[in-house]
Amino acid sequence: MMSQVKPAERKVRVNLGDRSYDILIGPGLIAAAGREIASRLKGRKMAVITDENVAPRYLEPLMASLGRSGIEAVSLVLPAGEKTKSFEHLIPVCDAILGARIERNDAVVALGGGVIGDLTGFAAGIVRRGSRFIQVPTSLLAQVDSSVGGKTGINSPHGKNLIGVFHQPDLVLADTDVLDSLSPREFRAGYAEVAKYGLIDKPDFFKWLEENWQAVFAGGAARIEAIAVSCQAKAEVVAADERENGMRALLNLGHTFGHALEAATEYDSSRLVHGEGVAIGMVLAHEFSARMNLASPDDARRVEAHLKAVGLPTRMDDICGHLPPAERLMEAIAQDKKVKGGKLTFILTRGIGRSFVADDVPASEVLGFLKEKHPQ
Ligand SMILES: NC(=O)c1ccc[n+]([C@@H]2O[C@H](COP(=O)([O-])OP(=O)(O)OC[C@H]3O[C@@H](n4cnc5c(N)ncnc54)[C@H](O)[C@@H]3O)[C@@H](O)[C@H]2O)c1
Ligand SMILES: O=C(O)C(=O)C[C@@H](O)[C@H](O)[C@H](O)COP(=O)(O)O
Ligand SMILES: [Zn+2]
């Protein structure tokens, strides 16, 4: 049952000058979507893009809410899963937007997890060279991370998110009621990105999560608090470095390893989803930092213990099926967007909540480390 329309419990502002926007967080926001959108945007036509798991639950309530506010909307339902972030599925999204004659001042709405958000945001960024875009994130991962900050795109066989644009949303509506229908596995995957904010530069938040994670998983006030802290953390980084010229790269903690593992498993969501790759990647980043004598091995053990406690995979051995050799993982790492002049950039750490951007990390060290950690 959807909650009754009521004011959002929390509001986080992303300060980007004339492209600033609100993130509203709380129960009942799908039912209130029409009102929230109509009060901010002039356009009265929208294309809603969603996936086959989300549509049966939340598409009709969203369309009804838009209709109540005089917004005429069409919808497109795509297959669920990481493979949908592809050129193949970008085409029907662009066609749906153009076919409905959505003008620049109307809007494209992403209703779903990070896959739908990234794909739809990319389409919104390129159709008519940029259309208005609203995120209605329905997974924990999308509510705490992917719906905020304007990174949009699709995957390539060469690597994750290699094709895309920066295109900020005009509004993010994170309806926390919808998280109740998320599978436990997907909730855990999103939690990895929540823990990431603690590990980057909020040691007290990480400690709070170690003590309160059961309450976050149970729902209610602790969950809303974790989402709001995460959105606030991301909003501050994005406002300071929108296009990742510097400190935004910190949000990539665990991702260089994680993205290589996603590419290595061919974006097969049954084997590995993004948040799981990030969990394994964050443990690897802490272990690699210890190997480079930057941090204590105790910190890596603490990170792994917490992620394991919530049920996340923490080692390459936890991925089912065959993994390509370490040399192949290095090929994906060499395609990482943070590479500069052929040199690898990693997010390393001096301890819990003390992450930093390390340029010029020797590839030979990374390869040696991956060979040690590789299960085969
Ligand atoms: N743009 C960014 O800044 C950013 C940040 C982090 C991750 N990402 C990207 O986000 C993607 C991962 O996002 P994700 O974890 O949300 O995956 P996802 O979009 O595949 O959603 C996970 C699964 O949950 C289902 N689902 C979503 N909401 C549901 C709900 N309320 N009830 C029931 N089922 C629901 C989906 O159908 C899907 O099967 C990756 O492609 C990753 O690269 C992008
Ligand atoms: O917003 C960011 O910046 C991030 O790095 C957030 C990450 O969680 C996210 O997975 C992002 O898509 C990775 O960015 P990429 O540039 O490495 O593709
Ligand atoms: Zn991520």
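Residues numbered from 1 in each chain as written. Chains lettered and ligands numbered in written order. Predicted model: local features only at pLDDT ≥ 70, side-chain atom pairs only at ≥ 80, totals over all residues. Heavy atoms only, no water.

Remarks on the pattern of salt bridges
Using the following cut-off: Any carboxyl oxygen of Asp or Glu that lies within 4 Å of a side-chain nitrogen of Lys or Arg is treated as forming a salt bridge with it. Each helix corresponds to a stretch of at least 4 residues labelled H or I by DSSP, and each strand to a stretch of at least 2 residues labelled E; elements are numbered beginning at the N terminus. The rule is simple: take the accessible area with a 1.4 Å probe, protein chains only, and divide by the maximum for that residue type; under 20% is buried, over 50% is exposed, in between is partly exposed.
Enumeration according to the criterion identifies 31 salt bridges in this entry. One salt bridge in this structure joins Asp170 and Arg132, with 2.6 Å as the shortest N-O distance. Highlighted residues: Asp170 in the loop between strand S8 (159–163) and strand S9 (171–175) and Arg132 in the loop between helix H4 (114–126) and strand S6 (133–137), separated in sequence by 38 residues. For Arg132, a relative accessible area of 32% corresponds to the partly exposed category. Across the salt bridge formed by Arg185 and Glu276, the nearest N and O atoms sit 2.7 Å from each other.

Comments concerning the site of ligand 2
Inclusion rule: Near, as used in this document, describes a residue that has one of its heavy atoms within 4 Å of the molecule or strand being considered. Each polar contact in these results corresponds to two N or O atoms within 3.5 Å; when the atoms are within protein, one needs to be able to donate a hydrogen and the other to accept it, and residues that are neighboring in sequence are counted only if both atoms are side-chain atoms. What sets the accessible areas is the Shrake-Rupley method with a 1.4 Å probe; for residues, cover comes only from the shown protein chains. Residues were grouped as follows: Ala, Val, Leu, Ile, Met, Phe, Trp, Tyr, Cys and Pro as nonpolar; Asp, Glu, Lys and Arg as charged; and all remaining residues, including Gly, as polar.
Around ligand 2 sit 14 residues, and of these Asp145, Lys151, Lys234, Arg248 and Lys337 come closest. A distance of 3.0 Å is found between an oxygen atom of ligand 2 and a side-chain nitrogen or oxygen belonging to Lys196. Taking Lys337, its side chain carries an N or O atom lying 2.8 Å from an oxygen atom of ligand 2. For ligand 2, whose unbound accessible area comes to 430 Å², protein coverage reaches 92%. Looking at the shell around ligand 2, the elements that each hand over two or more residues are helix H6 (184–201) and helix H9 (255–264). Residue composition of the shell around ligand 2, grouped by class: one nonpolar, five polar and eight charged.

Quick notes on the coordination of the zinc ion (ligand 3)
Defined as follows: Water is absent from the atoms considered, so a metal site may look incomplete; donors are defined as N, O and S atoms within 2.8 Å of the metal, or 3.2 Å for Na, K and Ca.
For the zinc ion (ligand 3), the full set of protein donor atoms is Glu193 (OE), His255 (NE2) and His274 (NE2), at a range of 2.0 to 2.1 Å. When its relative accessible area of 1% is taken as the criterion, Glu193 is described as buried.

Quick look at the UniProt feature "domain: 3-dehydroquinate synthase N-terminal" (unreviewed entry) in the protein
Put simply, the rule is: UniProt positions are given in the numbering used here, feature names are shortened, and annotations may be inferred rather than shown by experiment.
Here the UniProt-annotated "domain: 3-dehydroquinate synthase N-terminal" (unreviewed entry) positions come out as residues 76–188. Counting secondary structure, residues 76–188 comes out at 34% helix and 24% strand; the distance between its end C-alpha atoms is 28 Å.

Remarks on the site of ligand 1
In the neighbourhood of ligand 1, 27 residues make up the surrounding shell, with Asp51, Gly114, Thr138, Ser139 and Lys160 lying closest. The separation between an oxygen atom of ligand 1 and a polar side-chain atom of Lys85 is 2.8 Å. The side chain of Lys160 places a nitrogen or oxygen atom 2.6 Å from an oxygen atom of ligand 1. Listed by contribution, the elements that provide at least two residues to the shell around ligand 1 are helix H2 (55–68), H4, helix H5 (140–146), S8 and H6. Classifying every residue of the shell around ligand 1 by side-chain character gives seven nonpolar, nine polar and eleven charged.

Some remarks on the side chain of Asp51
Quick reminder of the rule: Residue contacts are defined here by distance: any two heavy atoms, one from each residue, within 4.5 Å place the two residues in contact.
Looking at where Asp51 falls in the secondary structure, it is placed in strand S3 (residues 45–51). Polar side-chain contacts of Asp51 include one of 2.9 Å to the backbone nitrogen of Val54. Every residue in contact with Asp51, bar those within four places of it in the chain, is listed here: Val77, Leu78, Pro79, Ala80, Leu111 and Ile116.

Digging into the nonpolar core
Threshold: As used here, the term nonpolar core means buried Ala, Val, Leu, Ile, Met, Phe, Trp, Tyr and Cys residues forming a set that is joined through side-chain atoms within 4.5 Å. Where each domain begins and ends follows an automated or database-derived domain assignment.
Judged by nonpolar contacts, the single largest core of 50 residues is most densely connected at Val14, Ile23, Ile25, Leu140, Tyr191 and Leu307. For this core, the element with the most residues is helix H8 (residues 221–240), which contributes ten residues. Both domains that furnish three or more residues to this core are identified here as domain 1 (10–181) and domain 2 (253–376).

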